[in-house]
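For reference, the chains in residue letters:
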Amino acid sequence: MDLLLHLRYFRTVAEEEHFGRAAERLRVAQPSLSQRIQRLERELGVRLLDRGRTGATLTPAGRLVLAEADTLLDAADRLRTLVGRVQGGAAGTLRAAVPPQLGGATVAALLTAYRERSPGGELDLRELDTADQTAELTAGTLDAGIVRHPCPATGLGFGPQLHQPLGALLADQDPLAAHPEIDVRELDGRELVLFPRAGAPALHDETLTACARHGCTPSAVREVAGIEFTRALILSGTHVVALQPPAPPPPPPPVWCPPGLLVPPSRRPRTSPCRLTHSGEKSGRLRTRARTIDRISPAVQAGAASGPSGPVQ
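What counts and how
- Throughout this description, residue numbers start from 1 for each chain and increase along the sequence as written.
- A pLDDT threshold of at least 70 governs which residues receive local features in this predicted model, and a stricter bar of 80 or more applies before side-chain atom pairs are shown or counted, although totals over entire chains, interfaces and linings include all residues.
- To get the side-chain values, take all heavy atoms of the structure and skip hydrogens and water.
- Only the contacting stretch of a helix is used when fitting its axis, a line to C-alpha atoms as for every element, and angles between N-to-C directions run 0 to 180 degrees.
- Secondary structure elements follow DSSP: runs of H or I no shorter than four residues count as helices, runs of E no shorter than two count as strands, and numbering proceeds from the N terminus.
- An angle below 35 degrees is read as roughly parallel, one above 145 as roughly antiparallel, one from 65 to 115 as roughly perpendicular, and any other as oblique.
- The contact criterion used is simple: two residues touch if any of their non-hydrogen atoms lie within 4.5 Å.
- DSSP calls a pair of strands paired once it identifies at least 2 bridges connecting them.
- By the criterion used throughout, a crossover qualifies as right-handed when its path from the first strand across the helix to the second strand runs clockwise, the strands pointing away from the viewer.

## Focus: the packing of helix 2 (residues 19-26) against helix 3 (residues 30-44)
Part 1 of the argument: Two elements in contact, helix 2 and helix 3, have axes whose closest approach is 9 Å; the angle formed by their N-to-C orientations is 105 degrees. Judged by the inter-axis angle, helix 2 sits roughly perpendicular to helix 3. Judged by residue contacts, F19, G20, A22, A23 and L26 of helix 2 engage Q30, L33, S34 and I37 from helix 3.

Below, the structure is given as structure tokens:
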């Protein structure tokens, strides 16, 4: 027996105090409604309604059952509404991911749009490369993601495409930096910085193939995941170039607070817990490495003192 349905019929009869009017309101035949109420009474073992020529009235047991029926039916209605919102994406938790270097403005717009369109939902957003996203989508541990194309994957559905044109990231002093646009052939023979192939193999190969097709064969390809390290490599010499989407104008930066504002004076660390390290052994090669680390330590410390991102702009 569908208990909720029978209770809903019973509540309608109690509200109308008449089987005929209740049957018309429920759009069922009156004999069928009477049979359902009788079945509910047999199931509960009590008489719920007194039938008369003028209508139907609640028995004392019927009044008690009606009070509980209201609570159950209201809860069932709330549950159905909640399930509908979850199915429509307006509630629940959406497990999603974006690829590295998608761009802060794009990610911020995604978060804002989700909050506006799904006010009762939660977004569990992570940064994953295309290969990891594909694996998790297939395994069912991820609900949606933004992947780099081409992305050969079976069993996945793809939505609209986002277009991010690739450009060359150059040092200021590079002769090509003054050009409004450059021909790919002008980058031939340079060291190329590109995202790791393991994260998006098809796009990595397609990018190098497109470069070769247009007359650019790099002298070497360095795979780098982080934008700060990419910038450091670019600034280190004019023969290094990176291919990546254009960087939008930077938003106002987050506020960085020194430890003195967060930690009581008696508990402040004397230095940052980050250190340059090397093996304690003193073989010839390791002694050379140790001396190299000693030489670069002042520059690294100066960069750390300038803030979390260092002095590189």
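After that view of the structure, there is still more to cover.
## Thoughts on the sheet that holds strand 9 (residues 240-244)
Each strand in a sheet pairs with another by means of backbone hydrogen bonds, the pair being arranged parallel or else antiparallel.
Part 1 of the argument: If you walk across this open sheet you meet the four strands as 6-9-7-8, and the pairing is mixed. Both edges of this open sheet fall to strand 6 (167-169) and strand 8 (220-223), since each of them pairs with a single strand only. On average, each strand axis in the sheet is inclined to that of its neighbour by 35 degrees, with strand direction left out of account.
Part 2 of the argument: Bridging between strand 6 and strand 9 involves three bridges; their strand directions are antiparallel. Of the residues in strand 9, the one forming a bridge with A168 is L243.

## Some details on the pairing of strand 8
Part 1 of the argument: Relative to strand 8, strand 7 (residues 191-194) runs parallel, the two sharing four bridges. Pairing of L192 across the sheet is with V221, part of strand 8.
Part 2 of the argument: For the handedness criterion, the β-α-β arrangement of strand 7, helix 7 (residues 201-213) and strand 8 is classed as right-handed.

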